[in-house]
Number of protein chains: 2
Amino acid sequence: MKEAYYAVIFTSIQTGEDIDGYNAMGERIDALAKEQDGYLGMDNARDSRTGLGITISYWRDMEAIRAWRGNAEHEVAQRLGKEVWYQSYRLRVSKVVRDYSFEKDSNDVTAEM
Amino acid sequence: MKEAYYAVIFTSIQTGEDIDGYNAMGERIDALAKEQDGYLGMDNARDSRTGLGITISYWRDMEAIRAWRGNAEHEVAQRLGKEVWYQSYRLRVSKVVRDYSFEKDSNDVTAEM
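These numbers come from a predicted model, not from an experiment. (Residues numbered from 1 in each chain as written. Chains lettered and ligands numbered in written order. Predicted model: local features only at pLDDT ≥ 70, side-chain atom pairs only at ≥ 80, totals over all residues. Heavy atoms only, no water.)

(A) Structural detail: the interface of chain A and chain B. On the chain B side, the residues contacting the 43 residues of chain A number 43 residues. Among the residues of chain A in contact with chain B, Tyr 100, Phe 102 and Lys 104 of chain A are the three that bury the most area, contributing 17% of the side total. If you look at where chain A meets chain B, you find four salt bridges. Scanning the region where chain A abuts chain B turns up 26 residue pairs in polar contact (both at pLDDT 80 or more). If you list the elements that add at least two residues to the side of chain A that touches chain B, you get strand 1 (5-14), strand 2 (39-46), strand 3 (53-59), helix 2 (62-69), helix 3 (72-85) and strand 4 (86-103) of chain A. When residues of the side of chain A that touches chain B are assigned to their parent elements, the largest contribution, 18 residues, is made by strand 4 of chain A. Broken down by class, the residue content of the side of chain A that touches chain B amounts to 19 nonpolar, eight polar and 16 charged. With 15 bridges joining them, strand 4 of chain A and strand 4 (residues 86-103) of chain B adopt antiparallel strand pairing. Opposite Ser 88 of chain A, over in strand 4 of chain B, you have Glu 103 of chain B as the bridge partner. (Contact = heavy atoms within 4.5 Å. Buried area = accessible area lost by both parts, 1.4 Å probe. Salt bridge = Lys/Arg side-chain N within 4 Å of Asp/Glu carboxyl O. Polar contact = N/O pair within 3.5 Å; in protein donor to acceptor, adjacent residues only side chain to side chain. Helix = DSSP H or I, 4+ residues; strand = E, 2+ residues; numbered from the N terminus. Nonpolar A, V, L, I, M, F, W, Y, C, P; charged D, E, K, R; others polar. Pairing = 2+ DSSP bridges.)

(B) Expanded view of the packing of aromatic side chains. All told, the structure shown has 18 aromatic pairs over all chains when counted by the stated rule. When the centroid spacing of 6.1 Å and the interplanar angle of 70° are considered together, the rings of Tyr 5 of chain A and Tyr 58 of chain A count as edge-to-face. Within this pair, whereas Tyr 5 of chain A is found in strand 1, its partner Tyr 58 of chain A is found in strand 3, the two being separated by 53 residues in sequence. By the burial criterion, Tyr 5 of chain A is buried, and Tyr 58 of chain A matches it. On the numbers, 5.8 Å between centres and 90° between planes, the contact of Tyr 22 of chain A with Tyr 86 of chain A is edge-to-face. In this pair, Tyr 22 of chain A is assigned in helix 1 (residues 19-35) and Tyr 86 of chain A in strand 4, connecting sequence segments 64 residues apart. Take Tyr 22 of chain A and Tyr 86 of chain A: they sit in the same class, and that class is buried. Each residue in the set Phe 10, Tyr 22, Trp 85, Tyr 86 and Tyr 89 of chain A together with Phe 102 of chain B is aromatic and connected to the rest through ring pairs, giving one cluster. The positively charged end of Arg 92 of chain A is found above the aromatic ring belonging to Tyr 58 of chain B, 4.0 Å away from the centroid. (Phe/Tyr/Trp six-rings, centres within 6.5 Å; stacked < 30°, edge-to-face > 60°. Buried < 20%, exposed > 50% of the residue type's maximum accessible area, 1.4 Å probe, protein only. Lys NZ or Arg CZ within 6 Å of the ring centre and 35° of its normal.)

(C) Highlighting the pairing of strand 2 of chain A. Residue and element names in this part refer to chain A. In terms of strand pairing, strand 2 meets strand 3 through seven bridges, oriented antiparallel. Its bridge partner lying in strand 3, Asn 44 is registered against Thr 55. In this structure, the hairpin formed by strand 2 and strand 3 is closed by a connection of six residues, where Gly 51 is found at a positive phi of approximately 85°.

(D) Molecular detail of the environment of Trp 59 of chain A. All names here are of chain A. Its location among the elements puts Trp 59 in strand 3. For the pair Trp 59 and Met 42, spaced 17 residues apart in sequence, the C-alpha to C-alpha distance is 9.2 Å. Polar side-chain contacts of Trp 59 include one of 2.8 Å to the side chain of Ser 57.

(E) Just the confidence of the model for chain A, in detail. Averaged over chain A, the pLDDT score is 94; the fraction of residues at 70 or greater is 95%. Predicted complex, confidence summary: ipTM 0.92, pTM 0.92. (pLDDT = per-residue confidence, 0-100.)

(F) Just helix 2 (residues 62-69) of chain B, in detail. Buried residues of helix 2 of chain B: Met 62, Ala 64, Ile 65 and Trp 68 of chain B, and no others. Projected down its long axis, helix 2 of chain B carries its buried residues within an arc of 160°, all on one side. Residues of helix 2 of chain B that are exposed and point more than 90 degrees away from the buried face comprise Glu 63 and Arg 66 of chain B. Those residues of helix 2 of chain B that are buried lie in contact with strand 4 of chain A together with strand 1 (5-14), helix 1 (19-35), strand 3 (53-59), helix 3 (72-85) and strand 4 of chain B. (Arc of directions from axis to C-beta.)

What follows is the structure, given as structure tokens:
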């Protein structure tokens, strides 16, 4: 049984403006997130058909999420996101209460929580 | 202030086998989910570069999630997923505790929870 942890679910549609700047900032922000205390990991996918992007970052607790939200460089990225890169987004903070994983080789589902 | 609700986060890597069957089942399962009591919506993206798929479905409560998990047709899909379609997956059930959205036209972030 692991400790409960948090998932920050960020879904977005881009404006299509300044894609190079967006990608460069994305790499910088991902690297910065990894250095944060309480960072547990990230899943990211952007669907080329619909344009919907989903980024989920995982955190130890709400305090870690608040610290990341208030990080100075991250705040710059958030501002540019609203001003330039995102047509719309939605950000949900959620507490993970069940966690299962499956690997084909082990051919079994394991419950981690 | 809305009621709290739940997000089921499903991240997956496909084997690449039986893509047509997978896509047909995906459409059927999405349609079936929409008919379920307590279904609130879905976000889906598969990244063509990394192959990572993320599907997040939103539910009123844990009871609705359990009912959907036990749906007979959905159970068939889950079994085929393990046997044929997925190399690996991870399924997290989480409780949404904060919910913000941004639309460029309104130029403002609104907190819904």
